[in-house]
Amino acid sequence: MGIPRPLLLTTAVTAGALLLAPLPASAAPVREDAPRPHPVRESGPRESGPQTNGPRTDARTDTTATAGADAALPDSRAYPRRTVLETPPENPADRSIKLGLAPYHSLAPRLNALQKLGNRVSVEVAGRSAGGHELYLVTVTAPESAREVREQRRMRELIESAPALAAKDRRIKSTYKTPVFINNNIHGNEWEGTDAALELIEELAKAEDGATARLLASNRVYLNVTANPDGRIAGTRANSAGFDLNRDFITGSQPESRAVRRIAVDKQPAVMLDLHGYVNGTLIEPTTPPHGENYEYDLFLKNAYANALGMEKAVNGLGHTPGKDGVEPAVIPFRDQQEGWDDWPPIFTPQYLAFQGAVASHTVEFPMRVNNSSYDTLPVAELRRRSAINTDIAGAVMRATLKWTAEHRTSVLADQVETFRRGAAGEAQRPVSEETVPGVPGIGPEDVYTTDFPRAYVIPAGAGRRSATAAARLVDHLVANDVRVRRASTGFRLAGKRYPAGSYVVDMHQAKRGMANVILDAGRDISADVSTMYDISGWSLGLLWGASVDKVQEAGGGPHPPGLVPGRTVSAAAPTGEVARTGDLRLRLDDPRELAALNSLLAQGVTVRRAADGSAVVPASARRRAAVLADRLGVAFTATKEKGMGTLHRTRVAAAVTSGELFALREMGFEVVPVSAATLNAGFDWSAVDVLFVSSGLRYADLGAPARTALGSFLGSGAKGGGLVALGSAGAAFNTAAGLLPATAVAGNGDANGVVRVVNAGGTVTGGAPAHSFVYSPLWFTGLGSGVRVDQSYGTGEPLVSGHWRAREDGTGAPGDAAGRASVVSGVSATGARVTLFGTEPLFRAHPKGLFPQVGRALLAAAG
């Protein structure tokens, strides 16, 4: 008798599927980011912390969630599209009020009134924030009938899908409305873009001059009035989940960033502004090197620099001076600075928009600081004076951009089409030079960043069921970012390698190849190029999200060029959930969704046992519950005869962590109680938790004697639980001060970050883990005491794959110093506490999905 075939669930993996048991959310207030400790970096080593908030219980927690903010905005109705917005209750605590700016609750009635001024202003709700506030997208354009709207959509789709034809289409050249997108207030305590946007909308609605009529006849102006209403109200940089939204591209963990992603995909802006503060004088992109290597940078620089000049003239033309009102002249970093304000990572809004077709996109920083300590210490009159100046400057750059776009509409549109045409044709990039970008001064070899795009990427099927869930997540994420993916209907051969049916192919002859490559490629080591970077320098969903990804440089060696692989373009990954029909079930814990499934089963009271390799054994009696989770989460429950070594229990975590780490823990379904020194000193009930996780904001020295005694009793509880998982320098210091695991933490360069090679020892913590990890202010461990296990080590030789990791000025802290050293260690302390120490950043900003399970497994092990 043959082995029964597994039951394959028929519902595709839906991003952000809800667990059967909802997870608790904290109602604690959001912590405001500390002032910048570095002139160009907006946070110190690692993320700001601790954070005491996380995803809402009803929030979709996967990056590819498509409901709500990520659902397609309607694009078939005529303009104007009048929406009667619901007015929120008045909130006198809104932090905007002190500055004389528009509080969030005033926006809806004001936008309702603006829609009545004529037939140019339309408002739509683009989604909701993490805190539940509506995101208002305003479109200002000349009226369009439904037929004209459909024609505009047809032309927009032709520009992306058939750019070579679009370049010759006379109707596109004459009648296509070039989209301009203005994004405001993505950092909640950088307020003034919102107020300038409201003034601009009213001005455009009322204007009767010919220039405005021509502008709106040839362009659509989209304005995200406030991209971060949570932060605007609270006066915080982050949203209510504690996330810096201008670091959430290209992860897309938050509903606000997914809303912007949907706008970018649906509207395909050619020009974009992102309004920020506070840098004096007004900072206007383009940036210093290094420049993102996946852009068509010659086209981008040509337009971005020209528009920057116009914005600079408009800002300086307002007449503000250092002597009169403290305002320095505007700065264009490409022209005026050497390094430190780069456009290398795709995590910033303007850089992300460049991958969606923007040929000029800019961060603009207002000059006059009104947030953080300035907000608390300056007189109200001075704050309002500064806010008025910032609002004027924001309005000036908006108007200058609209003027420049109107004057250069034909060439801007042609360059967007050319960007897509090069991608679809698979042409090489054009390095920037005085010849390729005439009129831009100071171009040198330090500005040349290009890449050799591969012919294709393949995400293989049949590479082991443990990677199927991760593969589906990656495919869905690619599709959400408007990358075209095909699923093979038959087996095929590429570059001499055979792939089975069901494999996914990303043909790099596509319009948005830059987006595909920045997601899937390993990246580049730029340590030697510049001395300092603005933010992270390495990322790779292809290496860090847990899926197998093959890079195909040449299409030869077989009958199928990538574009002709038999199959179809997908709108979502195929189902991956399955449940064996008979017997007990094995659930691997190599993916965050598998941890989420386990935690849901445990929350329902299912008895689950631990297998020798760290996976979970689920009894046959729970098959129906397993089937629901397999359907919702896309995980596989395979047949097993193993009985397991011990029972797993619902793990309750006391956590002093950053917002990204808290979000990741809850994404895996852990019950988390945020803690701090104040919490513990107030008398914490340790019986309510099983393990302590420390990465940020908790120092052992800050605990009073009673708190230390209670903690010591918890960590000395041995078989009853009481473990510690510690991450980064703060976690390592806590372990040492508490006298737990004998291991010495050695710090690398604090500015270092990127993707590194690692060697996994397997077992409970790193079983099934990827061969790469992520570091930010990396650590390694030496002086390991008896019984300390090395779960993971940095690769030998040169462990850095991509990113920026230099030695310190004294020559120490280099990647070579970490080579072969322990990056993750575990063991049992003399008190009986089970401890795991991480020198890597497996939960960084809730981004490296394939690394999450290392922490999840460590928490389960520490809880006993």
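Let us look at the structure shown here. As the structure is a prediction and not an experimental result, all values here were calculated from the model.

The next subject is the overall build of the protein. A count of helical and extended segments in the protein gives 27 helices and 35 strands. When the 864 residues of the protein are sorted by exposure, 62% land in the buried category. Accessible surface, the protein: about 29100 Å² in total, of which carbon and sulfur atoms supply 53%.

Turning our attention to the sheet that holds strand β5 (residues 219-224). One open sheet holds the 7 strands; their spatial order is β2-β3-β5-β4-β6-β10-β7, and the pairing between them is mixed. Strands with a single pairing partner mark the edges of an open sheet, and in this sheet they are β2 (121-128) and β7 (283-284). With 7 bridges joining them, strand β6 (residues 271-277) and strand β10 (residues 360-366) adopt parallel strand pairing. If you follow aspartate 274 over to β10, its bridge partner there is threonine 363. Packing against the sheet, helix α1 (residues 104-115) makes contact with β2 and β3 (134-140), and its axis sits at approximately 30 degrees to β3.

A separate point is the packing of aromatic side chains. Here the structure, examined in full by the defined rule, presents 19 aromatic pairs. Measuring from centroid to centroid gives 6.1 Å for tyrosine 297 and phenylalanine 300, while their planes differ by 25 degrees, and the two rings are stacked. Taken together, the residues span about one helical turn, with tyrosine 297 and phenylalanine 300 both in helix α9 (residues 297-316) at a distance of 3 residues. Of the two residues examined, tyrosine 297 and phenylalanine 300, each falls in the buried class.

With respect to the secondary-structure elements, serine 823 resides in strand β34 (residues 822-828). The residues contacting serine 823, other than those within four sequence positions of it, are Phe781, Gln792, Ser793, Tyr794, Leu837, Phe838, Gly839 and Thr840.

Its place among the elements puts arginine 220 in strand β5. Given a relative accessible area of 3%, arginine 220 falls into the buried group. Of note is the side chain of arginine 220, whose polar atom sits 2.7 Å from the side chain of glutamate 144. Of the polar contacts made by the side chain of arginine 220, one reaches the side chain of tyrosine 222; its length is 3.0 Å.

Once that is clear, we can look at the packing of helix α19 (residues 592-603) against helix α20 (residues 623-633). With their axes 10 Å apart at the nearest point, α19 and α20 run at an angle of 150 degrees to one another. The way α19 lies across α20 gives a crossing that is right-handed. Residues Arg593, Ala596, Ala597, Ser600 and Leu601 of α19 form the contact with α20, whose own contacting residues are Arg625, Ala626, Leu629 and Leu633. Partitioned by chemical class, the residues of the contact of α19 with α20 number 6 nonpolar, 1 polar and 2 charged.

Before going further, it helps to spend a moment on helix α24 (residues 728-737). In an α-helix, one turn spans 3.6 residues, which is why side chains three or four residues apart end up on the same side. Of the positions making up α24, those classed as buried are Gly728, Gly731, Ala732, Phe734 and Asn735. Along the axis of α24, the buried positions cluster into a sector of 160 degrees, meaning they face one direction only. For α24, the secondary structure elements touched by its buried residues are β26 (691-694), α23 (705-715), β27 (723-727), β28 (744-747), β31 (779-782) and β35 (834-838). Positioned one or two residues after α24, glycine 739 has a phi angle of 70 degrees, which is positive.

So, about helix α2 (residues 146-161). End to end, α2 covers 22 Å across 16 residues, agreeing with the expected 22 Å (1.5 Å per residue, within 8%). Every buried residue of α2 is listed here: Val149, Glu151, Gln152, Met155, Arg156, Leu158, Ile159 and Glu160. At its buried positions, α2 is contacted by α3 (163-166), α4 (170-175), β5, α8 (255-267) and α15 (409-425).

Here the focus is the pattern of salt bridges. Under the defined criterion, the tally for this structure stands at 46 salt bridges. Glutamate 418 is paired through a salt bridge with arginine 421; the nearest N and O atoms lie 2.8 Å apart. Of this pair, glutamate 418 and arginine 421 both sit in helix α15, 3 residues apart, roughly one helical turn. On the accessibility criterion, glutamate 418 (18% relative accessible area) is buried.

With that out of the way, let us pick up the sheet that holds strand β15 (residues 504-507). Hydrogen bonding along the main chain pairs the strands of a sheet, whether they run parallel or antiparallel. The sheet built from 5 strands is open, its strands ordered β16-β11-β15-β12-β17 with antiparallel pairing. What marks the edges here is a single partner per strand, and that holds for β16 (550-552) and β17 (567-569). Along the sheet, successive strands turn relative to each other by an average axial angle of 25 degrees, direction set aside. Where strand β11 (residues 456-459) and β16 come together, 3 bridges link them in antiparallel fashion. Of the residues in β16, the one forming a bridge with tyrosine 457 is lysine 551.

Moving on to unusual backbone geometry. Going from phenylalanine 249 to isoleucine 250, the amide bond is cis rather than trans, its omega being 25 degrees. Locating isoleucine 250 in the fold gives a position in the loop between α7 (229-234) and α8. Residues glycine 277 and tyrosine 278 are joined by a peptide bond in cis, for which omega reads 5 degrees. Position of tyrosine 278 relative to the elements: it lies in the loop between β6 and β7. At alanine 495, a position not held by glycine, the phi torsion is positive, near 50 degrees. Topologically, alanine 495 is positioned in the loop between β13 (492-494) and β14 (497-499). Given the relative accessible area of 42%, alanine 495 is considered partly exposed. Located in the positive-phi region is serine 777, a residue other than glycine, with phi close to 55 degrees. Checked against the element boundaries, serine 777 lands in the loop between β30 (772-776) and β31. We classify serine 777 as buried; its relative accessible area is 13%.

In this structure, glycine 762 sits in the loop between β29 (753-760) and α25 (763-766). Along the primary structure glycine 762 and valine 790 are separated by 28 residues, whereas in three dimensions their C-alpha atoms are 9.7 Å apart. Not counting the four nearest positions on each side in its chain, glycine 762 is found in contact with Gly767, Arg789 and Asp791.

Positionally, alanine 639 belongs in strand β22 (residues 636-639). Taking the relative accessible area as the measure of exposure, alanine 639 reaches 51% and is therefore exposed. For the pair formed by alanine 639 and threonine 582, sequence separation is 57 residues and the distance between their alpha carbons is 7.1 Å. Excluding residues within four positions of it along the chain, alanine 639 makes contact with Ala580, Thr582 and Asp584.

If a strand is regular, its side chains alternate between the two faces of the sheet. With 7 of 7 residues buried, β10 lies mostly within the body of the structure. Neither face of β10 is left uncovered, since the one carrying Ala360, His362, Val364 and Phe366 and the one carrying Ser361, Thr363 and Glu365 both have all their residues buried. With 2 bridges connecting them, β7 and β10 associate as antiparallel partners. Residue isoleucine 284 lies in a different strand from β10, and its bridge partner there is valine 364.

Attention now goes to the environment of aspartate 631. Structurally, aspartate 631 can be placed in helix α20. Separated by 52 residues in sequence, aspartate 631 and valine 579 place their C-alpha atoms 9.3 Å apart.

Reading guide: rules and limits
Residues numbered from 1 in each chain as written. Predicted model: local features only at pLDDT ≥ 70, side-chain atom pairs only at ≥ 80, totals over all residues. Heavy atoms only, no water. Helix = DSSP H or I, 4+ residues; strand = E, 2+ residues; numbered from the N terminus. Buried < 20%, exposed > 50% of the residue type's maximum accessible area, 1.4 Å probe, protein only. Areas by Shrake-Rupley, 256 points an atom, 1.4 Å probe, with all protein chains shown as cover. Pairing = 2+ DSSP bridges. Contact = heavy atoms within 4.5 Å. Axes fitted to C-alpha atoms, helices over the stretch in contact; angles between N-to-C directions. Phe/Tyr/Trp six-rings, centres within 6.5 Å; stacked < 30°, edge-to-face > 60°. Polar contact = N/O pair within 3.5 Å; in protein donor to acceptor, adjacent residues only side chain to side chain. Left-handed = near helix turned anticlockwise from the far one by under 90°. Nonpolar A, V, L, I, M, F, W, Y, C, P; charged D, E, K, R; others polar. Arc of directions from axis to C-beta. Expected span 1.5 Å × (residues − 1). Salt bridge = Lys/Arg side-chain N within 4 Å of Asp/Glu carboxyl O.

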